[in-house]
Amino acid sequence: MTATVPSTRAASPDTPAAVVARLRATFATGRTKPLAWRLGQLEALRRLLTEQTETLQQALLADLGKNPTEAFRAEIGFTLNELDHTVAHLDEWLQPKPAAVPDPFLPARARVVRDPLGVVLIIAPWNYPAQLALAPLVGALAAGNAAVLKPSELAPATSAALARLLPQYLDQDAVAVIEGAVPETTALLEQRFDHIFYTGNGTVGRIVMAAAAKHLTPVTLELGGKSPVVVEPGVDLAVTAQRIVRGKFANAGQTCVAPDYILAIGDTAPELGTQLAAAVHEAFGDDPAGNPGYGKIVNERHFDRLAALLGDGRTVTGGGHDRAARHIDPTVLVEVSPDSPVMREEIFGPILPIITVPDLDAAIAFINDRDKPLALYAFTDSEDTKRRLTDETSSGALTFGLPVLHLAMPDLPFGGVGESGMGRYHGEYSIDTFTHAKAILDKPLS
């Protein structure tokens, strides 16, 4: 594998317009299209992740209180797995796909080839600021594009690390990092890109889509929403609780596919609440605030928003909070009204309400009466229930018995539907996102 040597010149403080123009000029030369360049950039990115692991871990600790083990597992290691899977299969994915030619048009040949789009913009969020910047970048580079990366200003240490490290490892004439907040993002969105990949919330997603529409730029929107968990009677509630707790309270609940609320069918809520409390204690101990494996809320604004939700329902476990430390205990609420504030918008924090519903019909109706979620989870021993949830609900993903970890499987598409987003990525789906499937027909003249 041959790596492309990055330019030795210092990173330029150019305006967004100048940066995009420079990258577009590079793309126009065809430099990013050969497989060797793509693999070289991916290998360089791999070196960054392995050689600068400690630097990224320190940044993630500063921004979100992520301990080194969690930072490696959920951010660095996750991206390495995505990258290695892509490298192993990229040549195969890029092969032209033959297409059948109907008999009336024979003799002729038809095929589909994947063309890089050009210059793409990746806008990353703060909750997984390394993974959600670099995993889309893997797809963009593998697809043969030039890319502008905009890290989140709400994770300033990670943003600064990416801005410093990426130019050291990657081709500076094809990959650029622009830091900043709303003014810089606004200036970027005024430029013409060939694709915009945004991860964040629906409010900003609408702004991104409106800006993209001015240039007819396609977009991928990875948003969020209230991802429900259906729990049926008869399941092992101890195992169920342990798996829900691991999925919900990782990164202090600041995960787009974290379980947002539980729909407990029949009489399961009281025992499930007890088991959830035990699972929280097992995972985080008597003092979650002193547990180095438990993260912190990203900033005071989000802390205040979450603290205001703690009064809804009755607290089964948790509820403790400290604004100065940006800490909120893993909290489980029962006797929660469907109309309470905690149920009105995505929680995006360590608060888990339980809603009691009488049966599966009511659970499905509850889900379908609301925006389509990024993920739907269910704990059930019934194949009929699995079939009904598959057939009668719509969500970005549906998993049974294990929340969150579907996103770590590179052969599964990751993305939302409706209010939870549009488009998908990971593995070959990233190549689909960052390329154009070009139809080619070849009919001989004689």
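Presented here is an overview of the structure given in this document. (Residues numbered from 1 in each chain as written. Predicted model: local features only at pLDDT ≥ 70, side-chain atom pairs only at ≥ 80, totals over all residues. Heavy atoms only, no water.)

With that out of the way, let us pick up the pattern of salt bridges. Under the counting rule described, the total for this entry stands at 24 salt bridges. For arginine 388, the salt bridge is made with glutamate 392, and the minimal N-O distance between the two is 2.9 Å. One end of the pair is arginine 388 and the other is glutamate 392, both in helix α13 (residues 383-392) and four residues apart, which spans about a single turn. For arginine 388, a relative accessible area of 17% puts it in the buried group. Between aspartate 432 and arginine 424 there is a salt bridge, with the nearest N and O atoms lying 3.9 Å from each other. Arginine 424 sits in the partly exposed class, given a relative accessible area of 37%. A single network of salt bridges, built from pairs that share partners, joins Asp14, Arg22, Arg31, Asp171 and Asp173. (Salt bridge = Lys/Arg side-chain N within 4 Å of Asp/Glu carboxyl O. Helix = DSSP H or I, 4+ residues; strand = E, 2+ residues; numbered from the N terminus. Buried < 20%, exposed > 50% of the residue type's maximum accessible area, 1.4 Å probe, protein only.)

Tracing the chain through its elements places glutamate 75 in helix α4 (residues 68-94). Judged by relative accessible area, which is 0%, glutamate 75 ranks as buried.

What follows deals with the sheet that holds strand β16 (residues 398-400). If you walk across this open sheet you meet the seven strands as β10-β13-β14-β9-β8-β15-β16, and the pairing is mixed. On the outer flanks of this sheet lie β10 (314-317) and β16, each paired with one strand and no other. The sheet shows a mean angle of 25° between the axes of neighbouring strands, direction not considered. Here four bridges tie strand β8 (residues 228-231) to strand β9 (residues 261-265), and the two strands are oriented parallel to one another. What sits directly across from valine 231, in β9, is alanine 264. Sheet contacts for helix α12 (residues 360-368): β8, β9, β14 (351-357) and β15 (376-379); angle to β9, the most-contacted strand, approximately 155°. (Pairing = 2+ DSSP bridges. Axes fitted to C-alpha atoms, helices over the stretch in contact; angles between N-to-C directions. Contact = heavy atoms within 4.5 Å.)

Here we come to the packing of aromatic side chains. All told, the structure shown has seven aromatic pairs when counted by the stated rule. Taking the centre distance of 4.8 Å and the plane angle of 80° together, the rings of phenylalanine 197 and tyrosine 425 count as edge-to-face. Remark: tyrosine 425 occurs in the loop between β17 (421-422) and α14 (428-433) and phenylalanine 197 occurs in strand β6 (residues 195-199); sequence separation between them is 228 residues. Its relative accessible area of 1% is what places tyrosine 425 among the buried residues. Consider the rings of phenylalanine 249 and phenylalanine 284, whose centres lie 6.5 Å apart with planes at 90°: the pair is edge-to-face. Placement of the pair is phenylalanine 249 in helix α9 (residues 237-249) and phenylalanine 284 in helix α10 (residues 269-284), with a sequence separation of 35 residues. (Phe/Tyr/Trp six-rings, centres within 6.5 Å; stacked < 30°, edge-to-face > 60°.)

A separate point is the nonpolar core. Leu166, Ile262 and Leu276 are the most contacted members of the largest nonpolar core, which totals 128 residues. Here the element with the most residues in this core is helix α5 (residues 131-142); it accounts for nine residues. Beyond its immediate sequence surroundings of up to four residues, leucine 166 is in contact with Leu45, Leu48, Leu134, Leu137, Leu149 and Val177. (Core = buried A, V, L, I, M, F, W, Y, C linked by side-chain atoms within 4.5 Å.)

To describe two helices that pack against each other, one gives the angle between their axes and the distance between the axes. The interhelical angle for the contact between α12 and α13, taken along N-to-C directions, is 25°, at an axis separation of 11 Å. With respect to α13, the axis of α12 lies roughly parallel. Along this stretch, α12 crosses α13, giving a crossing that reads as right-handed. The segment α12 lies against α13, with Leu360, Asp361, Ile364 and Asn368 engaging Thr385, Arg388, Leu389 and Glu392. Among the residues forming the contact of α12 with α13, the class breakdown is three nonpolar, two polar and three charged. (Parallel < 35°, antiparallel > 145°, perpendicular 65-115°, else oblique. Left-handed = near helix turned anticlockwise from the far one by under 90°. Nonpolar A, V, L, I, M, F, W, Y, C, P; charged D, E, K, R; others polar.)

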